[in-house]
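Structural description and commentary
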Amino acid sequence: MRKVFNKELLNIAKEDPRVFMILADIGYGEIEEFANTFPDRFINCGVAEQNMTGVACGVAMEGNIAITYSIANFPTLRCLEQIRNDVCYHNANVKIVIIGGGMAYGELGISHHSTEDIAIMRALPNMVVLAPCDPVETAALTKLMMKYAGPVYFRCGYKGEPVIVNKPFEARLGGSSLIREGRDATVFFSGTVGINAKQAVDQLAEEGIDCRLISLYSIKPIDKEAILAAAEETKRIVVLEEHNICGGVGSAVAEVLMDEGAGNIPFRRIAMPDVNATKVGCQAWMREQYGLGVNDVKNAVKALIKQSEDRCKK
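Structure report, in brief. (Residues numbered from 1 in each chain as written. Predicted model: local features only at pLDDT ≥ 70, side-chain atom pairs only at ≥ 80, totals over all residues. Heavy atoms only, no water.)

**A look at the overall build of the protein**
If you tally the helices and strands in the protein, you get eleven helices and twelve strands. For the protein, the C-alpha radius of gyration of 19 Å lies close to 20 Å, the compact-globule estimate for 314 residues. Each principal axis of the C-alpha atoms in the protein carries an extent, and together these give about 70 × 40 × 35 Å. A burial count over the protein gives 59% of its 314 residues as buried. Residue pairs at least 24 apart in sequence account for 76% of intrachain contacts in the protein once pairs closer than 6 positions are excluded. (Helix = DSSP H or I, 4+ residues; strand = E, 2+ residues; numbered from the N terminus. Rg over C-alpha atoms; globule rule 2.2 N^0.38 Å. Buried < 20%, exposed > 50% of the residue type's maximum accessible area, 1.4 Å probe, protein only. Contact = heavy atoms within 4.5 Å.)

Okay, structure coming up:
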């Protein structure tokens, strides 16, 4: 996915001289073409993410589009004050791009995990939060992000992610991708962990359980219409995310349901427990260890169906 992002960004920069890339000494192997093509629009601030964010804000305030780019949590948590006070307060045209959301860098431990970022970023005024699930969404959302005038947080995948969205779609702020229709339950997801949701839904279909599958690529703003339609039409909702259970996508979906008076349906969040992820391993293994696996999704859907059936018997 990062290759797709960098390719789209380069193409956009060729057409728009306002595009600047600002790094904190990271990204080698992917960003050389941008740096070589536009040396005057490429700034390496060194290992200093707070300074990187301040520089990006200054570049944007001069009428440009500034992209900060680094791995996992480094462009967010390390420089949160600068994002809040410089970027968001001034509604600056800065795009904060992380590579490897969730536990993509699982072998490197908690310092390289990005599992609180969605909760933090969506709480910031003026911040748009996007999380593509595959290369198709990455390409479309990169273009969307660069057209939008204002702060955007872009949670990109790392490498080798499979295609989940298998048909064209129109990317929009507050939108989502319908992957599969269904009537028995809806499984929402956000980001690259969606491959587990897709496999779970496919396996449930073989067992006669028909699930709607939706990628919530826009987390802030969120697709309220899709959420409320799922509540009304499928009666059960499961949300899968590679993030701490506090304040993430599941919380955002629950907020919509409660605010709109639809909070009485069977609902389940599948997310990382509120713990520090002390285990170390590849991303797929880490997902299994922290309850984000295919079977976890299947079991959640089956539990909601049983819950509904039990209610009907009373």
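**Thoughts on the pattern of salt bridges**
By the definition in use, this model includes 17 salt bridges. When the shortest N-O distance is used, the salt bridge between Asp 210 and Arg 183 registers 3.0 Å. Of this pair, Asp 210 sits in the loop between α7 (194–206) and β9 (211–215) while Arg 183 sits in the loop between β7 (177–180) and β8 (185–190); the two residues are 27 residues apart in sequence, bridging distant segments of the chain. For Asp 210, a relative accessible area of 19% puts it in the buried group. The class for Arg 183 is exposed, based on a relative accessible area of 55%. A salt bridge links Lys 302 to Glu 207, with the nearest nitrogen and oxygen atoms 2.9 Å apart. Highlighted residues: Lys 302 in helix α11 (residues 294–313) and Glu 207 in the loop between α7 and β9, separated in sequence by 95 residues. (Salt bridge = Lys/Arg side-chain N within 4 Å of Asp/Glu carboxyl O.)

**Considerations on the pairing of strand β3 (residues 65–71)**
Within β3, seven of the seven residues are buried, which leaves the element mostly enclosed by the surrounding structure. Burial along β3 is two-sided: Ile 65, Ile 67, Tyr 69 and Ile 71 facing one way and Ala 66, Thr 68 and Ser 70 facing the other are all buried. The pairing of strand β1 (residues 19–23) with β3 spans five bridges and is parallel. Residue pairing in the sheet places Phe 20 in a bridge with Ala 66 of β3. Sheet analysis places β3 next to strand β4 (residues 94–99), joined by six bridges and oriented parallel. Each residue of the ladder has a partner; that of Ala 66, found in β4, is Val 94. (Pairing = 2+ DSSP bridges.)

**Focus on the sheet that holds strand β11 (residues 237–244)**
Taken together, the five strands give an open sheet; going across it, the order is β7-β9-β8-β11-β12, and neighbouring strands pair in mixed fashion. Bordering the open sheet on either side are β7 and β12 (267–272), each of which pairs with just one other strand. Taken over all neighbouring pairs, the strand axes of this sheet differ in orientation by 20° on average, direction set aside. (Axes fitted to C-alpha atoms, helices over the stretch in contact; angles between N-to-C directions.)

**Here we look at helix α9 (residues 249–259)**
Residues Val 249, Gly 250, Ser 251, Ala 252, Val 253, Val 256 and Leu 257 constitute the buried set of α9. Considering only its buried residues, α9 is in contact with α5 (117–122), β8, β10 (218–220), α8 (224–234), β11 and β12. Looking at the residues trailing α9, positive phi occurs at Gly 261, about 75°.

**Here's the deal with the side chain of His 113**
With respect to the helices, strands and loops of the structure, His 113 is situated in the loop between β4 and α5. Reaching out from His 113, the side chain makes a polar contact with the backbone oxygen of Gly 109 at a distance of 3.3 Å. The residues touching His 113, leaving out its near neighbours within four places in the chain, are Ala 72, Asn 73, Gly 102, Met 103, Tyr 105, Gly 106, Ala 277 and Met 286. (Polar contact = N/O pair within 3.5 Å; in protein donor to acceptor, adjacent residues only side chain to side chain.)

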